[in-house]
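# Coordinate analysis (summary)
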Amino acid sequence: MSFFEKLTQRAHDVNSLLCVGLDPHKAELEEDSAEAAFKFCQRLIEETKDLVAAYKPNAAFFEAYGVEGWAALQRTLAAIPEEIPIVLDAKRGDIGSTSEAYASSAFQTLKCDSVTVSPYLGGDGLQPFLKDPSRGVWVLCKTSNPGSQDIQALQLPSGEPLYVHVAKVCCLQWAKEHSNAGLVVGATDVEAMRVIREAVPEPCHGGPSACESNSPASQHCHSSRKNRPTIILEHHTGLSKQEPCNP
Ligand SMILES: O=C(O)c1cc(=O)[nH]c(=O)n1[C@@H]1O[C@H](COP(=O)(O)O)[C@@H](O)[C@H]1O
């Protein structure tokens, strides 16, 4: 089963479009350690595992703890039930040979179902991720931060913003063979979402394309096409600050 089939199946099974971010910020941990980062994620997984369509661990917060952090990431991934798809948020992407190593790390070593990547090294830089039809590849298109205007929104001679070109080239060319890519589009920019959906009317993947945001409501939404599910992503900061439910 491919990543997007797994995601579609899971969203259907739990009737949920929620993807929970696992971002163990130091400020939220009981102590500043890799063990505390793991415990933070473990608790979040325990509290939400019946409700979620996917989990999105952000590698940076684990890598910050060095070798112990890497082990904490592996333990966190192992704590996620098998049937729940994983989006490794690592925002990889380099020249082809280096991307081969990144892809091997995400898919073979960490055994994640999908990974976030940057498109700015071009198609050859993403092929190592895209060549495996069983894995999902989330390409940054229009991100949620204010600085996304600096480069992603630059106007091309054709009149379209660069992020629209990214959406088109990714969906219609780079990921055409296996339709295994999604687009990360910030829900902070509703207009960008509209323009992208217009520019790429057909799905470029077997499931939803992604959107992220830092909205005050702590929600990220993923746009959908046709009968594919729309994924709603919830910030970890929105969920992790909730009190545990008492039975
Ligand atoms: O790729 C992402 O997940 C992402 C895309 C985007 O446009 N904006 C964005 O905030 N994210 C990620 O979503 C999470 C946001 O976390 P908080 O804002 O700290 O709750 C982080 O892991 C970000 O790296």
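Residues numbered from 1 in each chain as written. Predicted model: local features only at pLDDT ≥ 70, side-chain atom pairs only at ≥ 80, totals over all residues. Heavy atoms only, no water.

As annotated in an unreviewed UniProt entry, the chain carries the name Orotidine 5'-phosphate decarboxylase and is attributed to Symbiodinium natans. According to its UniProt record, the chain has this under Pathway (unreviewed entry): "Pyrimidine metabolism; UMP biosynthesis via de novo pathway; UMP from orotate: step 2/2." For the record of the chain, the UniProt heading Catalytic activity (unreviewed entry) holds the text "orotidine 5'-phosphate + H(+) = UMP + CO2". (UniProt positions renumbered as here; feature names shortened; annotations may be inferred.)

## Notes on the layout of surface pockets
Approximately 270 Å³ is the volume attributed to the second largest pocket. Along its surface, the second largest pocket is lined by 16 residues, and Lys6, Glu82, Ile86, Lys111 and Asp113 are the ones closest to its centre. Elements with a minimum of two residues in the lining of the second largest pocket: helix H1 (3–14) and helix H4 (66–79). Here the lining of the second largest pocket is built from residues that sort into nine nonpolar, two polar and five charged. (1 Å grid on protein atoms, 1.4 Å probe; cavity = no way out; pocket = protein on both sides within 12 Å on 5 of 7 lines; lining within 4 Å. Points joined across faces, edges and corners; volume = space filled by probe spheres on them. Helix = DSSP H or I, 4+ residues; strand = E, 2+ residues; numbered from the N terminus. Nonpolar A, V, L, I, M, F, W, Y, C, P; charged D, E, K, R; others polar.)

## Re the packing of aromatic side chains
Under the definition given, this model contains four aromatic pairs. Both rings, one in Phe3 and one in Phe4, keep their centres 4.8 Å apart while their planes meet at 70 degrees; by these two values the pair is edge-to-face. Residue classification places Phe3 among the buried positions, given a relative accessible area of 1%. When the ring of Phe3 is compared with that of Trp138, the centres are 5.7 Å apart and the planes differ by 85 degrees; the resulting orientation is edge-to-face. You can see Phe3 sitting in helix H1 and its partner Trp138 sitting in strand S5 (residues 136–142), a full 135 residues away along the chain. (Phe/Tyr/Trp six-rings, centres within 6.5 Å; stacked < 30°, edge-to-face > 60°. Buried < 20%, exposed > 50% of the residue type's maximum accessible area, 1.4 Å probe, protein only.)

## Considering the confidence of the model for the chain
Looking at the chain, pLDDT values average 85 and 81% of them are 70 or higher. Overall, residues 205–232 carries pLDDT values under 50, and its contacts beyond four positions in sequence, including any with other chains, amount to 114 contacts. Interface confidence in the predicted complex, given as ipTM, is 0.97; pTM for the same model is 0.89. (pLDDT = per-residue confidence, 0-100. Contact = heavy atoms within 4.5 Å.)

## Brief notes about the nonpolar core
By size, the foremost hydrophobic cluster in this structure holds 54 residues, and its most contacted members are Leu22, Tyr55, Leu88, Val115, Phe129, Val139 and Leu183. Apart from the residues lying within four places of it in its own chain, the contact partners of Leu88 are Pro57, Ala59, Leu73, Ala106, Leu110, Cys112, Ser114, Val115 and Thr116. (Core = buried A, V, L, I, M, F, W, Y, C linked by side-chain atoms within 4.5 Å.)

## Section: helix H2 (residues 34–48)
With 15 residues, H2 extends 21 Å from end C-alpha to end C-alpha; this agrees with the ideal 21 Å at 1.5 Å per step. Turning to H2, its buried residues are Ala34, Ala36, Ala37, Phe38, Phe40, Cys41, Leu44, Ile45 and Thr48. (Expected span 1.5 Å × (residues − 1).)

## Description of H1
In a regular helix each residue adds 1.5 Å, so twelve residues correspond to 16 Å; H1 covers 16 Å between its end C-alpha atoms and thus fits that length. Those residues of H1 that sit buried are Phe3, Phe4, Lys6, Leu7, Arg10 and Ala11. Summarising the axial view, the buried residues of H1 lie within an arc of 155 degrees, below the 170-degree limit, and thus occupy one face. Facing away from the buried side of H1, by more than 90 degrees, are the exposed residues His12 and Asp13. Residues of H1 that are buried make contact with strand S2 (54–57), strand S3 (87–92), strand S4 (114–117), S5 and strand S6 (181–186). In the stretch just after H1, Asn15 is the one whose phi turns positive, near 50 degrees. (Arc of directions from axis to C-beta.)

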